[in-house]
Amino acid sequence: MEDKIKLLQQKVNQVRKLIIKMLTHSKSGHPGGSLSIVEILACLYFDVLQHNSRNPDWPDRDRVHLSKGHACPALYAVLAMCGYFNIDELMHLRELGALLQGHADRRVPGVEVSSGSLGQGLSVSLGMAIAGKLDKLDYRVYCIMGDGELQEGNIWEAAMASAYFKQDNLCGIVDNNGFQIDGSVEEIMNVEPLAKKWESFGWHVISCNGHNIRELLSAFAEAKLVKAKPTVIIAHTIKGKGVSFMENVVDFHGRAPTPEEGKIALKELGL
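Residues numbered from 1 in each chain as written. Predicted model: local features only at pLDDT ≥ 70, side-chain atom pairs only at ≥ 80, totals over all residues. Heavy atoms only, no water.

## What about helix α5 (residues 121–134)?
In step 1: The end-to-end C-alpha distance of α5, which contains 14 residues, comes to 20 Å, matching closely the 20 Å that a straight helix rising 1.5 Å per residue would cover.
In step 2: Taken as a whole, α5 has its buried residues at Gly-121, Leu-122, Ser-125, Leu-126, Met-128, Ala-129 and Gly-132. Mapping the buried residues of α5 onto a view down its axis gives an arc of 165 degrees, with all of them on the same face.
In step 3: For α5, the secondary structure elements touched by its buried residues are β1 (63–66), β2 (141–146), α6 (153–164), β3 (170–176) and α8 (194–200).
In step 4: Directly after α5, the chain includes Lys-136, whose backbone phi takes a positive value near 55 degrees. (Helix = DSSP H or I, 4+ residues; strand = E, 2+ residues; numbered from the N terminus. Expected span 1.5 Å × (residues − 1). Buried < 20%, exposed > 50% of the residue type's maximum accessible area, 1.4 Å probe, protein only. Arc of directions from axis to C-beta. Contact = heavy atoms within 4.5 Å.)

What follows is the structure in structure tokens.
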């Protein structure tokens, strides 16, 4: 286990460096929410999921839907590291005509659903989970949502339906970093108490430190054992994690680092 955690931490550090490089080069994008989900994505793609980068449409693959699609730099970095496309593509993020758009795009190998309009991801994920049961396929569906996104009513309609249909192959993950584009989630429209809300909708709830690899792996393992109800992992995270001047700073929700900030960030990350 210790060797696994050490290897995953190395992957995490590499992903964070790629995010900073991508956004600094493109002069556009969302660093805060990308940096906060790195450990979540690293645990999924480098340990938890059954997937095959050489066959992205493999019917038995686990599905990951990044409902908070603006955090796609993190997803793109992980997919490139897994071999879904050439890692050189990352430096063409948001370029006109390039593969990698500013929100997760279905044309990118490994991206299940185009996203960007918040609040719709859990409904889509529920549909994929139901399809898996109907087709008697043994895959799981993971939906990564933002805490600010939980202000959308569509999320709670899908939450209610997911429990009603007993979709135990569905796992929601809340990136609970406390901020959205206009400020703190608490000040704009408080969504707490999250655990009690999800429990009241019939979900199995796991809370963990979203930057602790050991806790995340344990949470994903527990989710796989739950029967007859969906699971949600409330991952407590830090917006802009890993870069001191970005952490918990709302300005970096949607502002790319300047060249000088990018150099400082990479130095902090050990490059």
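Read on for the rest.
## Focus on the nonpolar core
In step 1: Formed by 62 residues in total, the largest nonpolar core has its most connected members in Leu-44, Tyr-45, Tyr-76 and Phe-220.
In step 2: Element by element, the count of residues in this core is highest for helix α4 (residues 72–82), at 10 residues.
In step 3: The contacts of Phe-220, once residues within four sequence positions are left out, are Ile-40, Cys-43, Leu-44, Val-48, Tyr-142, Ile-173 and Ile-233. (Core = buried A, V, L, I, M, F, W, Y, C linked by side-chain atoms within 4.5 Å.)

## A few points about the packing of helix α1 (residues 2–26) against helix α10 (residues 259–268)
In step 1: For the pair α1 and α10, interaxial distance at closest approach is 10 Å and the crossing angle is 170 degrees. Viewed along their axes, α1 and α10 adopt a mutual orientation that is roughly antiparallel. Packed against α1, whose contacting residues are Lys-17, Ile-20, Lys-21 and Thr-24, the element α10 presents Pro-259, Gly-262, Ala-265 and Leu-266 at the interface.
In step 2: A class-by-class count of the residues in the contact of α1 with α10 yields 4 nonpolar, 2 polar and 2 charged. (Axes fitted to C-alpha atoms, helices over the stretch in contact; angles between N-to-C directions. Parallel < 35°, antiparallel > 145°, perpendicular 65-115°, else oblique. Nonpolar A, V, L, I, M, F, W, Y, C, P; charged D, E, K, R; others polar.)

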